[in-house]
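# Per-entry structural report
Residues per chain, in single letters:
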Amino acid sequence: MDTGNTGFMMICTALVFIMTPGLAFFYGGLVRRKNVCNTMMACVAIMGLSVVMWTLFGYSLSFGGNHGGIIGDFRWAALNGVGWEAGPYSDTIPHLVFAAFQMMFAMITPALITGAVVGRMKFKALFAFIALWSVIVYYPMAHMVWGEGGFLASIGSVDFAGGNVVHISSGVSALVLAIYLGRRKGYEQTSYRIHNIPFVALGASLLWFGWYGFNAGSALAADGLAAHAFMTTSISAAAALLSWMLIDTVKNGKPTLVGACTGLVIGLVAITPGAGFVPVWSSFIIGALVSPICYFTMQLVKHKLKIDDALDAFGCHGIGGVWGGIATGLFGQSSINSVARWDGLVFGETRLFTAQVISILVTIAVAVVGTLICIGIVRIFTKLRVEPKEELIGLDITQHGESAYPSFNGLD
């Protein structure tokens, strides 16, 4: 065991934790004033729910044992047997540190879904949905990609820090849930103005800060690979930020702070699966291209298909994650990280690219089917959508009995 690696990984674990409060500010700033508490509360509640579920059975199902390459078992339930000694996934850090690091991934992932349904989903229904989704979608995906004997790992696909596990799964599930719930009242007639742009900038900054733990920490050691992932993460985020600013300027005549923040976040999403596999120079390309890809997908989803993905959870995380997975198949190099069995398509090999495409399709299928199952179970016990009057009043008051701005008496 290595104390330097252990200290590094504990810091990275804390950084990944910061991402969920950061997401709460990012999402909370983007919504209308009457729904900000509800939007942020969804992330806060998931912080508690995910930790309890992960320690009781989530970690064991994701990383303990192997059944068909799909799911683990209960050998490490309640973290029994997960202690200070090294575990099977790293021989230089305590098993408990690895479990804690992965716990933060299980926290941020379902929180991403909440951005698609703000302003119209019952809090108790959302809470139950997230609990079910973690079991039906997240834990199997984590096992298939990162667990010993996982199916997607066995076919040769790679995912350094969660393109499939985190972003595609949550983004696709968010789209399915948004379609099921339907559009917000007055979707095409009402201007849904962003209520607090400084919140958005604060949240995006916390996300970027925390993402260094997310990506660099996935090296599981304070080594050159961690430094490589740190740099590719920085470059992709910066390139995507500038790329979105350019799109804003061309389309609207002015760059916007919200656009720049959106760009940096999708740049982080896009580099996540390949941060420790692709060469540094390719991170410029990955970041620069993800902004136009996501921008025009959002236009298609919202304006052509009329799907109310409220905060573009699918447009940012689903599409950004898909592009990142494909880009890993294009630019990945086994010389950077031997976990990749083959080089990418740009270097003349097709097998990694093919494996990446298969893994993306499998992830989409698991997310769609799993989300529909979760919806079907939750609707047995409660409606998923609030009543029209509750939606009009706002979910802060109707779901929580509180207001973010109690002294404000003007129109929303």
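Predicted model only: the values in this text are computed from it and were never measured. (Residues numbered from 1 in each chain as written. Predicted model: local features only at pLDDT ≥ 70, side-chain atom pairs only at ≥ 80, totals over all residues. Heavy atoms only, no water.)

### Thoughts on the overall build of the protein
Counting its regular elements, the protein contains 14 helices and two strands. Compactness check: the protein gives a C-alpha radius of gyration of 20 Å against a globular reference of 22 Å for 412 residues, within 12% of the reference. Looking at the protein alone, contacts between residues at least 24 apart form 76% of all its contacts between residues at least 6 apart. As displayed, the protein has an accessible area near 15700 Å², and 68% of this comes from carbon and sulfur atoms. Taken as two groups, the 22 positive and 20 negative side-chain charges of the protein have centres that lie 16 Å from each other. (Helix = DSSP H or I, 4+ residues; strand = E, 2+ residues; numbered from the N terminus. Rg over C-alpha atoms; globule rule 2.2 N^0.38 Å. Contact = heavy atoms within 4.5 Å. Areas by Shrake-Rupley, 256 points an atom, 1.4 Å probe, with all protein chains shown as cover. Lys, Arg positive; Asp, Glu negative; His and termini not counted. Charge placed at Lys NZ, Arg CZ, Asp CG, Glu CD.)

### Some thoughts on the packing of aromatic side chains
Think of a pair of aromatic rings as described by two things: how far the centres are apart, and how the planes are tilted against each other in angle. The full count for this structure, using the stated rule, is 23 aromatic pairs. With a centroid separation of 5.0 Å and 65° between ring planes, the pair formed by phenylalanine 101 and phenylalanine 105 is classed as edge-to-face. Placement of the pair is phenylalanine 101 and phenylalanine 105 together in helix 3 (residues 95-113), with a separation of four residues, close to one helical turn. Classification of phenylalanine 101 by relative accessible area gives buried; the value is 1%. (Phe/Tyr/Trp six-rings, centres within 6.5 Å; stacked < 30°, edge-to-face > 60°. Buried < 20%, exposed > 50% of the residue type's maximum accessible area, 1.4 Å probe, protein only.)

### Details of the pattern of salt bridges
Counted under the stated rule, the structure contains seven salt bridges. The closest approach of N and O atoms between lysine 383 and glutamate 387, which form a salt bridge, is 3.4 Å. The class for glutamate 387 is partly exposed, based on a relative accessible area of 36%. Among the salt bridges present, the one from glutamate 391 reaches arginine 385, with a minimum N-O distance of 3.0 Å. Of the residues examined, glutamate 391 reaches a relative accessible area of 7% and is grouped as buried. (Salt bridge = Lys/Arg side-chain N within 4 Å of Asp/Glu carboxyl O.)

### Re the nonpolar core
One finds Phe26, Tyr59, Met121, Phe129, Tyr138, Leu177 and Phe214 to be the most contacted residues of the largest nonpolar core, which totals 127 residues. Setting aside residues up to four positions removed in sequence, tyrosine 59 forms contacts with Trp54, Gly64, Trp76, Leu79, Val82, Tyr89, His95, Phe98 and Ala99. (Core = buried A, V, L, I, M, F, W, Y, C linked by side-chain atoms within 4.5 Å.)

### Some remarks on a nonpolar patch on the surface
Together, Trp281, Phe284, Ile285, Leu289, Ile293, Val346 and Phe347 make up a nonpolar patch on the protein surface, roughly 600 Å² of accessible area in all. Looking at where phenylalanine 347 falls in the secondary structure, it is placed in the loop between helix 11 (313-331) and helix 12 (351-381). (Patch = residues over 30% accessible without salt bridge, like charges linked within 9 Å, V, L, I, M, F, W, Y side chains within 5 Å.)

### Overview of helix 10 (residues 280-304)
Think of an α-helix as turning once every 3.6 residues; residues three or four places apart then point the same way. With 25 residues, helix 10 should reach 36 Å at 1.5 Å per residue; the first-to-last C-alpha distance of 36 Å fits that figure. Buried positions along helix 10 lie against helix 6 (163-181), helix 8 (224-252), helix 9 (257-271) and helix 11. Phi turns positive one or two residues past the end of helix 10, at lysine 306, with a value near 60°. (Expected span 1.5 Å × (residues − 1).)

### As for helix 12
Here helix 12 contains 31 residues, and its C-alpha end-to-end distance of 46 Å stays within 8% of the 45 Å for a straight helix at 1.5 Å per residue. Regarding helix 12, the residues found buried are Leu352, Ala355, Gln356, Ser359, Ile360, Thr363, Ala367, Gly370, Thr371, Cys374, Ile375 and Val378. Along its buried surface, helix 12 packs onto helix 4 (123-146), helix 5 (151-154), helix 6 and helix 11.

### Considering the environment of alanine 128
Take alanine 128: it is sitting in helix 4. Overall, the relative accessible area of 30% leaves alanine 128 in the partly exposed class. Separated by 247 residues in sequence, alanine 128 and isoleucine 375 place their C-alpha atoms 9.6 Å apart.

### Side note on the pairing of strand 2 (residues 90-94)
Pairing of strand 1 (residues 86-87) with strand 2 involves two bridges; the strand directions are antiparallel. When the bridges of strand 2 are listed, alanine 86 appears paired with proline 94. Counting the residues in the hairpin turn of strand 1 and strand 2 gives two residues. (Pairing = 2+ DSSP bridges.)

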